[in-house]
Amino acid sequence: MKDAQKSKTSSTLHGVGRRKAAVARVWLSKGSGTITVNGQNHEEYFDTLINRNALLVPFKVTNQKSFDAKVSVNGGGLRGQADAICLGIARALLESDEALRLTLRKNDLLTVDSRVKERKKYGQRGARRKFQFVKR
């Protein structure tokens, strides 16, 4: 039974990444290095070069170019989605080889960026901005 589970995990690796309101589910499998995001090529889905390169960082750092990534992402904006996918890819690569942990950790790819937008408070104009004080 355990041998069947090992062969399954070695063929398809899974990782989940989150950033702000974005959640990305990533499945890696052996292949030529194509990245599909919500059914589209990642170059079509992400319009800026910064977002496109953010996805490739875990592959470049670990010299793993023989994986195809199938990504399902929702929520947030494009930058948050790109960072969530980056974390998901890093976690899936870690599942494939535990020896990559030091390299991924050194490049800050396994750390979750927990910063989110602060909520607006009642009696104020925004999260921290107050209404203008009127003396008379």
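Predicted model, so just to flag it, every value in this text is computed and none were measured. (Residues numbered from 1 in each chain as written. Predicted model: local features only at pLDDT ≥ 70, side-chain atom pairs only at ≥ 80, totals over all residues. Heavy atoms only, no water.)

Undergrad: What exactly am I supposed to notice about helix α3 (residues 49-62) here?
TA: An α-helical turn contains 3.6 residues, so any two residues separated by three or four positions project in the same direction. Along its 14 residues, α3 runs 21 Å from first to last C-alpha, staying within 8% of the 20 Å computed at 1.5 Å per residue. Of all the bends in α3, the largest measures some 45 degrees and sits at Leu56, one to four residues before the proline Pro58. On its buried side, α3 packs onto β2 (22-30), β3 (35-37), α2 (42-45), β5 (67-74), α4 (78-96) and α5 (101-106). (Helix = DSSP H or I, 4+ residues; strand = E, 2+ residues; numbered from the N terminus. Expected span 1.5 Å × (residues − 1). Bend = angle between axes of the 7 residues up to and from the residue. Contact = heavy atoms within 4.5 Å.)

Undergrad: Help me understand the pairing of β2 in this model?
TA: The side chains of a regular strand alternate between the sheet's two faces. Relative to β2, strand β1 (residues 12-19) runs antiparallel, the two being bridged by eight bridges. Within β2, the residue paired with Arg19 across the bridge is Ala22. Strand direction decides the pairing type here: β2 and β5, joined by eight bridges, are antiparallel. Note that in β5 the partner of Ala24 across the bridge is Val73. (Pairing = 2+ DSSP bridges.)

Undergrad: How do you make sense of the nonpolar core when you look at a structure like this?
TA: Across soluble globular proteins, nonpolar side chains have a tendency to be buried as a group. Formed by 29 residues in total, the largest nonpolar core has its most connected members in Leu28, Val37, Val71 and Ile85. Contributions of two or more residues to this core are made by β2, β3, α3, β5 and α4. Leu28 has contacts with Ser11, Thr12, Leu13, Phe59, Phe67, Asp68, Ala69, Ile89, Ala92 and Leu93, leaving out every residue within four places of it along the chain. (Core = buried A, V, L, I, M, F, W, Y, C linked by side-chain atoms within 4.5 Å. Buried < 20%, exposed > 50% of the residue type's maximum accessible area, 1.4 Å probe, protein only.)

Undergrad: Just to check I follow, could you spell out the sheet that holds β3 for this structure?
TA: By definition, the strands of a sheet pair up through backbone hydrogen bonds, in either a parallel or an antiparallel sense. Spatial ordering of the open sheet is given by β1-β2-β5-β3-β4, a layout of five strands whose pairing is mixed. Edge positions in the sheet fall to β1 and β4 (40-41), since each of these pairs with one other strand and no more. The sheet contact formed by β3 and β4 spans two bridges and is antiparallel. Bridge pairing in β4 places Thr36 opposite Asn41.

Undergrad: Can you help me understand the layout of surface pockets in this one?
TA: The gaps left among the atoms become clear once a water-sized probe is rolled over them. What the largest pocket holds in volume is close to 230 Å³. What lines the largest pocket is Arg18, Arg19, Asp83, Ala84, Cys86, Leu87, Asn107, Asp108, Leu109, Thr111 and Asp113. Ranked by residue count, the leading element in the lining of the largest pocket is α4, at four residues. Residue composition of the lining of the largest pocket, grouped by class: four nonpolar, two polar and five charged. (1 Å grid on protein atoms, 1.4 Å probe; cavity = no way out; pocket = protein on both sides within 12 Å on 5 of 7 lines; lining within 4 Å. Points joined across faces, edges and corners; volume = space filled by probe spheres on them. Nonpolar A, V, L, I, M, F, W, Y, C, P; charged D, E, K, R; others polar.)

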